[in-house]
Structure formats: C-alpha cells, structure tokens
Amino acid sequence: MNFGQVITAMVTPFDQNGEVDYDATRSLINYLIQNGSDGLVVAGTTGESPTLTHEEKLHLFRLTVDEVNGRVPVIAGTGSNNTRESIELSKEAESIGVDAVMLVTPYYNKPSQEGMYQHFGTIANSINLPVMLYNIPGRSAVGMSPDTIIRLSQIENIVSVKEASGDLDQVTTIINNTAPEFTLYTGEDSQTLPTVAIGGTGVVSVSAHVIGNEMQQMLNALHNGDVAFASRMHGYIVPFMNAMFSAPSPTPVKEALNQIGVSVGGVRLPLIPLNDTERASLTQLINEYRSQEDVG
C-alpha cells in the first residue's frame, strides 16, 4: 500500500506545563500538510509515545483524523513491547477511523525472530487495518531480519515497512523478495534518495517537519529522471537532516520548529531540552540553510 513518498512522523506538541497542546497539534497538522507531507504518523516514537498515556494517544488519534479530514493518510503508532496492549490500542485506533497502524519492533524484551513474527502477526490478525512494520534496531536492541520481514509481508494486511536499520543491503533484500505492492519506507532521513533509487517508496521522516517541500523536490526530480538535480538536493539537505539527530530525537526538530515559528513546546522527561551550545549550533545551521540560494 502506498501512503505517499514523504510521510512525517509527527511530534507531539506540549504546553508550558508539559501537557499535550491540542490546539498546537491542529496547527501543526495543517502546517505539515501544506508543506510537503503526504501522510502523518501520530503518537509514534517521534511523537514521544513512551511518555504518552493511553488516553492521550486516543485523543491525538481522534483529533488528527478529524483535522486531516481525509486529506492525507493518518497512521497511528500503536506498537509497543506488550502484544496485548498493542492489540487493544490498535482496535481502538481502528474504531476511531485511522487509515493504518504502525507497529514498532518490541523493545527491551529482545524477542527471537519467531517471537517477533508471532507478535506482529497476532496484532495484524486482530484488526482489519493496513499495518506498517517499523524496524529500528538502534532503539529497540533487536531488529527484524530480512527473512522475518519478508515472511510477515505475506500476511494480507501487513502492507509496508519503515526500515530504519541503516543497511541498504537489507533494504535491497526486502524489496527484491516482497510483492510489488508491499511498500518500503526508509526510517533514515539521510538515506531517502538512495533508498528510493533502489526501489523504495519513500521516507517516514523527522526532518520533513521543516524541509518537507525540499524532500519532495528531490524525489520528484529523481522520478522525472533529473538525477543531477536530485543529487544536488540530497547534498544540500543532508547536513540539516543529520542535525535533527544531533541530540536525542525529537528534541532538535522541536527546537527547529519553534525557531521557525511553528510552536510545539518542549519535550517530556527523560528527554531534556538542548543546552545553550547545541541550541546555538542549530540556530546557526537554520540561518545558514535559509540564506542559501536555490540549489537548482
């Protein structure tokens, strides 16, 4: 299933008291749709899902479905390391009207490949929604092998994977051994261009909060055969992408959004704000980025 080529893993705005700012969330949704986002992931790990309550997640799902109003796909982050809890949240998300769910690799438990297969398969079989798998071994301590992802792709409603292993050989293996309708999105922003060049569909991105339009330009140029322009755009935006991960995500991208006038507040503990040096470095990068002329 194709959810578009640039999907934004949306941050969760907080107010000065650390509570979810639902008005700011509505504003952010519209800003993202107007600036390059083909789809939105809500209450995923970039949305600080480990610190959100069950009710906060449901409220975010309802609000996003309502505000989006069919303009782009809404993908609910319902994965966890608790299979039963993920089933419950996925069923509730389905009843709210989201378009799909994203299920992250179980963290901390360190399940076997068979355990992961049964985890994802059990959740998928409990709902009718399309499922996007999310493989991120750097954060979950264990990753799905290509064989496990390929095997899972044979379950009817498991239709996509966000592949954040950073391994292009693994990406190639998955693409070459899954059905054409099974879509692969990179979860590594800086690998957007190479992933699409070898047959991936697009990216589930953090950086797209700020450079969604530029990412669309880059990918459209690639699809139109203008590889030289796409390559220049890649070189232009990769430093910004890397800066969005210069501190634990989503702290840098929230700071960047606040600096460009899109109010999203801070982060919840155990994440902390950027220090003065980190903030100054990011400010300088944003100013330099904005001052550069069109790379075309």
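Residues numbered from 1 in each chain as written. Predicted model: local features only at pLDDT ≥ 70, side-chain atom pairs only at ≥ 80, totals over all residues. Heavy atoms only, no water.

Per an unreviewed UniProt entry, the protein goes by 4-hydroxy-tetrahydrodipicolinate synthase and derives from Alkalibacillus haloalkaliphilus. According to its UniProt record, the protein has this under Subunit (unreviewed entry): "Homotetramer; dimer of dimers." Comment text from UniProt for the protein, heading Catalytic activity (unreviewed entry), reads "L-aspartate 4-semialdehyde + pyruvate = (2S,4S)-4-hydroxy-2,3,4,5-tetrahydrodipicolinate + H2O + H(+)". (UniProt positions renumbered as here; feature names shortened; annotations may be inferred.)

K.L.:
Summarise the sheet that holds strand 8 (residues 202–205); cite the residues concerned and give the values.
P.N.:
Reading around the barrel, the 8 strands line up as 1-2-3-4-5-6-7-8 and close back on themselves, with parallel pairing between neighbours. Taken over all neighbouring pairs, the strand axes of this sheet differ in orientation by 25° on average, direction set aside. Here 3 bridges tie strand 2 (residues 39–42) to strand 3 (residues 74–77), and the two strands are oriented parallel to one another. Counted as the bridge partner of Val41 is Ile75 from strand 3. (Pairing = 2+ DSSP bridges. Helix = DSSP H or I, 4+ residues; strand = E, 2+ residues; numbered from the N terminus. Axes fitted to C-alpha atoms, helices over the stretch in contact; angles between N-to-C directions.)

K.L.:
Report on the pairing of strand 8, specifying residues and quantitative values.
P.N.:
With 3 bridges joining them, strand 1 (residues 6–9) and strand 8 adopt parallel strand pairing. Bridging across to strand 8, Val6 finds its partner in Val203. Bridge analysis of strand 7 (residues 183–186) against strand 8 gives 2 bridges, and the strand direction is parallel. When the sheet's bridge partners are listed, Thr186 is paired in strand 8 with Val203. Read from strand 7 through helix 8 (residues 192–197) to strand 8, the crossover connection turns out right-handed. (Right-handed = clockwise from strand over helix to strand, strands pointing away.)

K.L.:
Explain helix 10 (residues 227–243) to me, using residue names and the numbers behind them.
P.N.:
A rise of 1.5 Å per residue sets the reference length of helix 10, with its 17 residues, at 24 Å; its end C-alpha atoms lie 25 Å apart and thus fit the reference within 8%. The sharpest bend along helix 10 reaches about 35° and sits at Ile237, with the proline Pro239 one to four residues further on. Within the sequence span of helix 10, burial applies to Phe229, Ala230, Met233, Tyr236, Ile237, Val238, Phe240, Met241 and Ala243. Next to the buried residues of helix 10 lie helix 8, helix 9 (208–223), helix 11 (251–259) and helix 12 (276–291). (Expected span 1.5 Å × (residues − 1). Bend = angle between axes of the 7 residues up to and from the residue. Buried < 20%, exposed > 50% of the residue type's maximum accessible area, 1.4 Å probe, protein only. Contact = heavy atoms within 4.5 Å.)

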